[in-house]
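Residue-level listing of the chains:
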Amino acid sequence: MPHDAPLRPLRAGAPAAPLSGTHRVPGDKSISHRALMFGALAIGTTEIEGLLEGEDVLRTAAAMRALGARVDQRGPGSWSVAGRGIGGLVEPADILDMGNSGTAARLLCGLLAGHPIFSVMTGDASLRRRPMLRVTGPLSAIGASFWTREGGRLPLAVRGAIDPLPLDYRLPVASAQVKSACLLAGLCARGTTRVVEPEPTRDHTENMLRHFGATVRVEDTGEGRVIELEGQPELRAAPILVPGDPSSAAFPLVAALLVPGSHLTLANIGLNPLRTGLFATLREMGAELRVENARVEGGEPVGDLVVTHGPLHAVEVPPERAPSMIDEYPILAVAAAAAKGITRMRGLAELRVKESDRLAATAALLAANGIEARIEGDDLLVQGTGGAIPGGGTVATHMDHRLAMSALVMGLAARNPVAVDDAGFIETSFPGFAALMNRAAGGEAIVAA
Ligand SMILES: O=C(O)C1=C[C@@H](OP(=O)(O)O)[C@@H](O)[C@H](O)C1
Ligand SMILES: C=C(OP(=O)(O)O)C(=O)O
């Protein structure tokens, strides 16, 4: 989004018609960022199919161009990246603007730290509030120098290491972004980079490193999951097939669960087990949710999700499940609002440092629509109605795409319409969201407010 874009208020009319048909959501955001970055580091031309053309990923594409890679769009979702080889990125002539994207900013820090170049990075007002010390801290130990704003915030400047050292780092928080930043820097270092994660997080970086020819060892030990990467491999360009994003599929899926009479298929969704915590939780809540055509494509498990409306009941979501559904709590909270009983989601501290403080903002989203919710420590408790949600509120989305989509899904299932102050940020991860929901509902369910 241009930093001064006008607000785009939307409203989801209630109650919506049942959702039906077979639909495809855009490509996986995590895999799309990584495909562009690994493509830029590889020797040869990487062909990507199904790339997410959302604003977050387009920021990564622009950054890879600024660092000297040739990145071309050949058709819808079809992109190519002519790489420069590890160590081959060139100094960018201008500031790198990562927009709203934490993944782009943090993974790029890893790339920049490993190259002997000077760069400056910024982002929008949301990204400039998010903590970067979690990457600049460990990356300083490889020999890179970082200068950040107070509190480790963007904008930052970085002078990459001339002869990067391999890291041996235990992650203090479960974060695939921090893990990936360390591994990307480790590509440029001589020797073995070792990262230990307390809880396993999405492993798209490890999968893609192997796909491009790097040696990666992963072992579950008493101290956590240990990942070892041999530095300075020759990455060879490799074709990438990006599956549909399970984090995007979550929105039409929960809408279909909540709107009576719905029966919906979401085709070609990535089902990496480190991403599917929401689906497991919804099944525990009684959701009728099946996978058809389960297969492996481009090294990632993929399948079609078939979902049918039905009643849900409350559950307790354990904290160790958080990494596998970290972006799905706002939409789970909407499902919990319609479920019978009190749902407790435990261990959500990381939600405070996303595009917004998602813990506070999700509780506010529910409260604005007549649902009782409270925060206890790092837990979110939602008192479900066991049926219809009152609705009727206007939700402040705080530059956060997932809050906007969650509120609009709530509106489809509520007794009264739900409005959002700004739906513009939905473009970061799910271009065409309102159009897809309207197609599924067979009408104008989501409209300008
Ligand atoms: O590595 C990634 O692609 C992502 C990791 C997660 O962030 P954290 O690593 O901060 O948990 C997630 O919230 C984000 O949407 C994408
Ligand atoms: C947290 C998210 O993304 P990022 O950290 O890349 O901004 C998200 O997409 O929900």
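Analysis parameters
Each chain carries its own residue numbering, running from 1 in the written order of its sequence. Labels are handed out in written order, letters beginning with A for the chains and numbers beginning with 1 for the ligands. Only residues with pLDDT of at least 70 get local features here, since the model is predicted, and only at 80 or more are side-chain atom pairs given and counted; chain-wide, interface and lining totals rely on the full set of residues. For side-chain calculations, the full set of non-hydrogen atoms in the structure is used, while hydrogens and water are omitted. Secondary structure is summarised from DSSP: a helix means a run of H or I of at least four residues, a strand means a run of E of at least two, and numbering begins at the N terminus for each. Atoms counted for the radius of gyration: C-alpha only. Globule rule: 2.2 Å times the number of residues to the power 0.38. Summary of the burial criterion: residues with accessible area below 20% of their type's maximum are buried, those above 50% are exposed, and those between are partly exposed, where the area comes from a 1.4 Å probe applied to protein chains only. Within 6.5 Å between ring centres, the rings of Phe, Tyr and Trp (the latter by its six-membered ring) count as paired, and their orientation is classed by plane angle as stacked under 30 degrees, edge-to-face over 60, tilted in between. Side-chain atoms alone can form a polar contact between residues adjacent in sequence; in general such a contact is a pair of N or O atoms within 3.5 Å, and within protein one must be able to donate a hydrogen while the other accepts it. The criterion used for residue contact is that any of the two residues' heavy atoms lie within 4.5 Å. UniProt positions are given in the numbering used here, feature names are shortened, and annotations may be inferred rather than shown by experiment. Here a cavity denotes grid points, spaced 1 Å and computed from the protein atoms alone, that fit a 1.4 Å probe unable to get out, and a pocket denotes an open set having protein on both sides within 12 Å along at least 5 of 7 lines; residues with an atom within 4 Å of a point are the lining.

(A) Looking closely at the overall build of the chain. The secondary structure content of the chain amounts to twelve helices and 26 strands. What you see for the chain is a C-alpha radius of gyration of 21 Å, in line with the 22 Å of a compact globule of 449 residues. Projected onto the principal axes, the alpha-carbon positions of the chain cover approximately 60 × 45 × 45 Å. Out of the 449 residues in the chain, the part that is buried amounts to 60%.

(B) A look at the packing of aromatic side chains. Tallying each qualifying case throughout the model produces three aromatic pairs. Ring geometry for F430 and F433: centres 5.3 Å apart, planes at 70°, overall edge-to-face. Residue F430 is classed as buried on the basis of its relative accessible area of 0%. A connected cluster of aromatic rings, assembled from ring pairs, spans F251, F430 and F433.

(C) Just the side chain of T343, in detail. With respect to the helices and strands, T343 occurs in strand β19 (residues 340-345). Within the structure, the side chain of T343 is placed 3.5 Å from the backbone nitrogen of V315, a separation counted as a polar contact. If we ignore the near neighbours within four places in the chain, the residues touching T343 are M285, A314, V315, A336, L380, L381 and V382.

(D) Summary view of the side chain of D245. Structurally, D245 can be placed in the loop between β14 (240-241) and α7 (246-258). Separated by 2.8 Å, the side chain of D245 and the backbone nitrogen of K29 make a polar contact. Engagement of the side chain of D245 in a polar contact is seen with the side chain of R275, the distance being 2.9 Å. Contact partners of D245, with chain neighbours within four places excluded, come to V25, P26, G27, D28, K29, I269 and R275.

(E) Spotlight on the UniProt feature "binding site: 3-phosphoshikimate" (unreviewed entry) in the chain. This chain's UniProt record puts "binding site: 3-phosphoshikimate" (unreviewed entry) on K29, S30, R34, S175, Q177, D327 and K354. When only the residues just named are considered, the largest pocket is lined by K29, S30, R34, S175, Q177, D327 and K354. As for its placement among the helices and strands, K29 is situated in helix α1 (residues 29-41). Using a relative accessible area of 8% as the deciding quantity, one classes K29 as buried. With residues up to four places along the chain from it excluded, the contact list for K29 reads L52, D56, V57, T103, D245, H401, R402, T428 and S429. In this fold, S30 is placed in helix α1.

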